[in-house]
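# Residue-level structure breakdown
One letter stands for each residue in the lines below.
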Amino acid sequence: MTTLPDVTGVDLELDNGWLTIWFNQPETRNALTDELVDGVRRTLEAVRDDREVRGITLRGRHGVFCAGGNLKQFKASFQGGGNDGGGSRDSTIEMSKGAAVLFDLINEAPQVVIAIIEGAAMAGGFGMACCADVVICEAGAKFAMTETAIGISPAQIAPFVIQKLGYATARRLMLTAARFNGEGAHDLGFADFVASDVDGLNAIEQQIRSQVLKCAPGAIADTKSLIIALPEMTREEAIHAAAENFTGRLLSDEGREGVASFLEKRKPVWAKG
């Protein structure tokens, strides 16, 4: 049985094996406050090894996904004078590393992760969405990596933006702080699906949920692990890792059940709907 943590800053909704993490800090437009980051992090850690949770949706309440970093917290980092932030330098480094932990947890989650974007996904919010497996956004959503426009850098999100958009496009967008909408996000390859309203967003999400719930949760976890690892491997390493991955899957309980169900023309035991 799935046990979810008691967290603040986010609302948790578990339905038929699908977990929705709702960002819920309207006073900050769902910015990446310590409270919100901690809530998402603890939730992802809690369900990481839980195969009853088949998928995860990240979504913002109040018509906005995430306004990016918490600028009030950033300002506090240089209170006290000095170009290096004085005694706050170490705490700022730790804050940045904490964001990296969050992005890694989303990127490496063994479940399929969907980001549904309404309103704005700016700076770190945009980077967080780049860590998802599937991105659905409304046509009028607003995006930008605004960091350079306010004198800072999109440092911790950079690897995931490059992973999602490719080197050349990511480089241009991060250096120019260019703004674009949902249609532009689709043209850039960031948004997998675009809808004109909330009903459209929900319909697309339900379709993806249905597809995922027909797949074996362990197979999804192992496939995702391989996908993430492959870019860092040599060809020889990739061949060996793929062979090990495939063999482990084929000889697993899921592999045996999947082959048997196909030959017997029935649904496998994990298939829902």
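Above this text sits the structure in question.
Quick summary incoming for the structure in this document. No experiment lies behind these values; they were computed from the predicted model shown. (Residues numbered from 1 in each chain as written. Predicted model: local features only at pLDDT ≥ 70, side-chain atom pairs only at ≥ 80, totals over all residues. Heavy atoms only, no water.)

### Re the sheet that holds strand β3 (residues 55-60)
What counts is decided by this rule: Each pair of strands is called paired provided DSSP finds at least two bridges between the two strands. Strands are runs of DSSP state E lasting at least two residues, helices are runs of H or I lasting at least four, and both sets are numbered from the N terminus onward. Only the stretch in contact is used when a helix axis is fitted, and all axes are lines through C-alpha atoms; the angle between N-to-C directions ranges over 0 to 180 degrees.
Across the sheet, six strands lie side by side as β1-β2-β3-β4-β6-β9; this open sheet has mixed pairing. Each edge of the open sheet is held by one strand with a lone partner, namely β1 (10-15) and β9 (193-195). Adjacent strand axes in the sheet meet at a mean angle of 20 degrees when their direction is disregarded. Bridge count for strand β2 (residues 18-23) against β3 is six bridges, and the pairing is parallel. From the neighbouring strand, W22 faces β3, where its bridge partner is R59.

### Quick look at the environment of I21
Put simply, the rule reads: Throughout, a contact is declared for two residues whenever any of their heavy atoms are within 4.5 Å.
Inspection of the secondary structure assignment puts I21 in strand β2. Residues I21 and A123, spaced 102 residues apart in sequence, show a C-alpha to C-alpha distance of 19 Å. Contact partners of I21, with chain neighbours within four places excluded, come to V10, D11, L12, V40, T43, L44, I56, T57, L58 and R59.

### Things to note about the packing of helix α1 (residues 34-47) against helix α3 (residues 89-108)
Two measures define how a pair of helices packs: the angle their axes make with one another and the distance between the axes. Note the threshold: Oblique is the label for every angle not falling under 35 degrees (roughly parallel), over 145 degrees (roughly antiparallel), or within 65 to 115 degrees (roughly perpendicular). Crossing chirality is assigned from the near helix's rotation relative to the far helix, an anticlockwise turn below a right angle marking it left-handed and a clockwise turn marking it right-handed. Three categories are distinguished: nonpolar for Ala, Val, Leu, Ile, Met, Phe, Trp, Tyr, Cys and Pro, charged for Asp, Glu, Lys and Arg, and polar for the others, with Gly belonging to the last.
Running from N to C, α1 and α3 point in directions that differ by 40 degrees, and their axes come no closer than 10 Å. On the basis of the axis angle, α1 is oblique to α3. In the crossing of α1 with α3, the sense of the turn from one axis to the other is left-handed. Contacts between α1 and α3 involve V37, V40, R41, L44 and E45 from the first element and G98, V101, L102, L105 and I106 from the second. Class assignment of the residues belonging to the contact of α1 with α3 gives a composition of seven nonpolar, one polar and two charged.

### Overview of the nonpolar core
The tendency in soluble globular proteins is for nonpolar side chains to be buried side by side. Rule in force here: Definition used in this section: a nonpolar core is a set of buried Ala, Val, Leu, Ile, Met, Phe, Trp, Tyr and Cys residues joined via side-chain atoms within 4.5 Å. Per-residue accessibility, obtained with a 1.4 Å probe over protein chains only, is compared with the maximum for each type, and a residue is labelled buried under 20%, exposed over 50%, and partly exposed between these values.
Grouped together as the largest cluster of nonpolar side chains are 48 residues, with contacts concentrated most on F65, I117, F143 and F190. Listed in part, the 13 residues of the second largest apolar core include I136, A195, I204 and L213.

### Quick word on the side chain of N30
Note the following rule: Pairs of N or O atoms are called polar contacts if they sit within 3.5 Å, as long as, within protein, a hydrogen donor faces a hydrogen acceptor (for residues adjacent in sequence, only side-chain-to-side-chain pairs).
Structurally, N30 is set in the loop between β2 and α1. Within the local environment of N30, its side chain forms a polar contact with the backbone oxygen of R61, the two atoms lying 3.2 Å apart. If we skip the residues at most four places from it in the chain, N30 touches F23, N24, Q25, L36, G60, R61, V64, F65, C66 and A67.

### Digging into the packing of helix α9 (residues 217-229) against helix α10 (residues 235-250)
Running from N to C, α9 and α10 point in directions that differ by 175 degrees, and their axes come no closer than 11 Å. The pairing of α9 with α10 is recorded here as roughly antiparallel in orientation. Between α9 and α10, the contacting residues are G218, A219, D222 and L226 on the first element and A241, A242, N245 and R249 on the second. Residues that form the contact of α9 with α10 fall into these classes: four nonpolar, two polar and two charged.

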